[in-house]
Amino acid sequence: MLVTGNEILQDAHEKGYGVGAFNVNNMEIVQAIIEAAEETNSPVILQASQGGLKYGGIEYVAELGKLAAKNARVPVAVHLDHGTDFQQIMLCIRHGFSSVMIDGSQLELEDNIAITKKVVEVAHAVGVSVEAELGKIGGTEDNISVDEKSATFTDPEEAKYFVDETQVDSLAIAVGTAHGVYKGEPDLDFDRIKTIRNKLDIPLVLHGSSGVSDKDIEKAISLGISKVNIDTDLRIAFTDAIKDFLREDPDNIDPRKILAPAREAMKEVIKEKMNIFGSAGRA
Ligand code: G3H
Ligand code: ZN
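Note that the coordinates shown come from a computational prediction; the quantities given were computed from them, not determined experimentally.

Moving on: the overall build of the chain. A tally of regular secondary structure across the chain gives 11 helices and 11 strands. Taking 2.2 N^0.38 as the reference for a compact globule, 283 residues should give roughly 19 Å; the C-alpha atoms of the chain span a radius of gyration of 18 Å, in line with that estimate. Here the C-alpha coordinates of the chain stretch approximately 60 × 40 × 35 Å along the principal axes. Counting only residues that meet the buried cut, the chain has 56% of its 283 residues in that class. Entry remark: accessible area of the chain is about 12,600 Å², with carbon and sulfur atoms responsible for 50%. Of the side-chain charges in the chain, 29 are positive and 47 negative, and the distance between the mean point of each set is 2 Å.

Moving on: the pattern of salt bridges. Summed over all chains, the structure comprises 21 salt bridges. In this structure, Lys 271 engages Glu 39 in a salt bridge whose closest nitrogen and oxygen atoms are separated by 2.7 Å. Pair noted here: Lys 271 is in helix 11 (residues 255-277) and Glu 39 is in helix 2 (residues 27-40), with a separation of 232 residues, a long-range link. Judged by its relative accessible area of 45%, Glu 39 is partly exposed. Here Glu 157 makes a salt bridge to Lys 199, at a shortest N to O gap of 2.9 Å. Of the two residues, Glu 157 is situated in helix 7 (residues 156-166) and Lys 199 in helix 8 (residues 190-199); the sequence distance between them amounts to 42 residues. The network of salt bridges with shared partners includes Glu 35, Glu 39, Glu 264, Lys 267, Glu 268 and Lys 271.

Attention now moves to the sheet that holds strand 7 (residues 144-146). Strand order in the open sheet formed by three strands is 7-6-9, and the pairing between neighbours is mixed. Looking at strand neighbours, the two that pair on one side only are strand 7 and strand 9 (178-179), the edges of this open sheet. Pairing geometry for strand 6 (residues 138-141) and strand 9, over two bridges, is parallel. Across the sheet, residue Gly 139 finds its bridge partner in strand 9, namely His 179.

Here the zinc ion (ligand 2) is held by the protein donor atoms His 82 (NE2), His 179 (NE2) and His 207 (ND1), which lie 2.1 Å from it. One chain supplies every donor to the zinc ion (ligand 2), and in sequence these donors are spaced H-x96-H-x27-H. Taken as a pair, His 82 in strand 3 (residues 76-83) and His 207 in the loop between strand 10 (204-206) and helix 9 (214-222) lie far apart in primary sequence, 125 residues in all. Relative accessible area serves as the criterion here: at 3%, His 82 is assigned to the buried category.

Here we take up helix 8. Of the positions making up helix 8, those classed as buried are Phe 190, Ile 193 and Ile 196. The buried side chains of helix 8 occupy one side of the element, clustering within an arc of 125° when seen end-on. The exposed set on the far side of helix 8, more than 90 degrees from its buried face, consists of Asp 191 and Asn 198. Looking at the buried positions of helix 8, the neighbouring elements they touch are helix 7, strand 8 (170-173), strand 10, helix 9 and strand 11 (225-230).

This part covers the pairing of strand 2 (residues 44-48). With five of five residues buried, strand 2 is to be regarded as a mostly interior element. Here strand 2 shows two buried faces, one formed by Val 44, Leu 46 and Ala 48 and the other by Ile 45 and Gln 47. Sheet topology places strand 1 (residues 19-23) next to strand 2; three bridges connect them, and they run parallel. Counterpart to Phe 22 in the pairing with strand 2 is Leu 46. Handedness of the strand 1-helix 2-strand 2 crossover: right-handed. Relative to strand 3, strand 2 runs parallel, the two being bridged by five bridges. If you follow Val 44 over to strand 3, its bridge partner there is Val 76.

Within soluble globular proteins, side chains that are nonpolar generally end up buried alongside one another. Phe 22, Phe 97, Val 100, Leu 171, Ile 225 and Ile 270 are the most contacted members of the largest nonpolar core, which has 77 residues in total. The contact partners of Ile 270, leaving out residues within four places of it in the chain, are Phe 22, Ala 32, Ile 33, Ala 36 and Leu 234. In terms of nonpolar packing, the next biggest core, distinct from the first, is built from nine residues, Val 3, Ala 12, Tyr 17 and Ala 77 among them.

Asp 81, Glu 141, Gly 208, Ser 210 and Thr 232 are the nearest of the 16 residues found near ligand 1. Here Asp 81 contributes a side-chain N or O atom positioned 2.6 Å from an oxygen atom of ligand 1. Between Ser 210 and ligand 1, the recorded distance is 2.5 Å, taken from a side-chain N or O atom to an oxygen atom. Burial of ligand 1 by the surrounding chains reaches 98%, relative to a free accessible area of 300 Å². Mapped onto the shell around ligand 1, the elements with two or more residues apiece are strand 3, strand 9 and strand 11. For the shell around ligand 1, the class distribution of residues is two nonpolar, 11 polar and three charged.

Reading the values: the criteria
Residues numbered from 1 in each chain as written. Chains lettered and ligands numbered in written order. Predicted model: local features only at pLDDT ≥ 70, side-chain atom pairs only at ≥ 80, totals over all residues. Heavy atoms only, no water. Helix = DSSP H or I, 4+ residues; strand = E, 2+ residues; numbered from the N terminus. Rg over C-alpha atoms; globule rule 2.2 N^0.38 Å. Buried < 20%, exposed > 50% of the residue type's maximum accessible area, 1.4 Å probe, protein only. Areas by Shrake-Rupley, 256 points an atom, 1.4 Å probe, with all protein chains shown as cover. Lys, Arg positive; Asp, Glu negative; His and termini not counted. Charge placed at Lys NZ, Arg CZ, Asp CG, Glu CD. Salt bridge = Lys/Arg side-chain N within 4 Å of Asp/Glu carboxyl O. Pairing = 2+ DSSP bridges. Donors = N, O, S within 2.8 Å, 3.2 Å for Na, K, Ca; no water. Arc of directions from axis to C-beta. Contact = heavy atoms within 4.5 Å. Right-handed = clockwise from strand over helix to strand, strands pointing away. Core = buried A, V, L, I, M, F, W, Y, C linked by side-chain atoms within 4.5 Å. Near = heavy atom within 4 Å. Polar contact = N/O pair within 3.5 Å; in protein donor to acceptor, adjacent residues only side chain to side chain. Nonpolar A, V, L, I, M, F, W, Y, C, P; charged D, E, K, R; others polar.

Purely spatial values, then, with no claim about function.
Pasting the structure below:
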């Protein structure tokens, strides 16, 4: 069933488990996520990034997500990931997204507050949940790129002020993760997660969670992370499976034969994540 981001994340926040938000770009990825969620009895968030919307088109992605959610036996939210444009966010809401992110993290604090407030006002009026971001998460995701030197961790005091001002539903925090493939070992600032969690009574979001060890993800969740964003790990599972298949059977020209093992490989990765995050069995 299609539910809001809030419905899923409030329960996770109250009970102390994490929910995976997985990036979708095509039908096979959507199916892999939904099958994994149903097999583990887990709530789940389907999210579309800027690149995902560009690739599939808002309408197509929205319909795909909503259909999958409607038919699913578990709660599913359809979420816009890293929205930066007010018009596009409105369009996503109009097409039935049940949750949106306004990423004003590249802006000055007061400008981030202003745009986030504006989105919250409209989204809440029509029952859509809003995620915002404070601090700068390193790495590259589609059109948003932050080099190592410019990445800045979220300031706990500022986070409190930001949430009080905007009344946003969940907050993405910068605590040492980065988008994309890590060059070295990610080094998470666990104390910062704890401090922010003590100041804020809303679900916290960890971006760039691919490539972070299971142990660190579990610890981050135990300290207050409720939403765990995963994209790169799915891309790797998908493309590795396709490469393996074509290495074995280079003359195969049937897209269904090529994509089915990729869908299966992604599903297995997602199921593992759902068990690690603690969302399995919570639907
Ligand atoms: O918003 C999406 C995520 O932050 C994905 O990050 O590709 O490093 O898993 P990732
Ligand atoms: Zn992200």
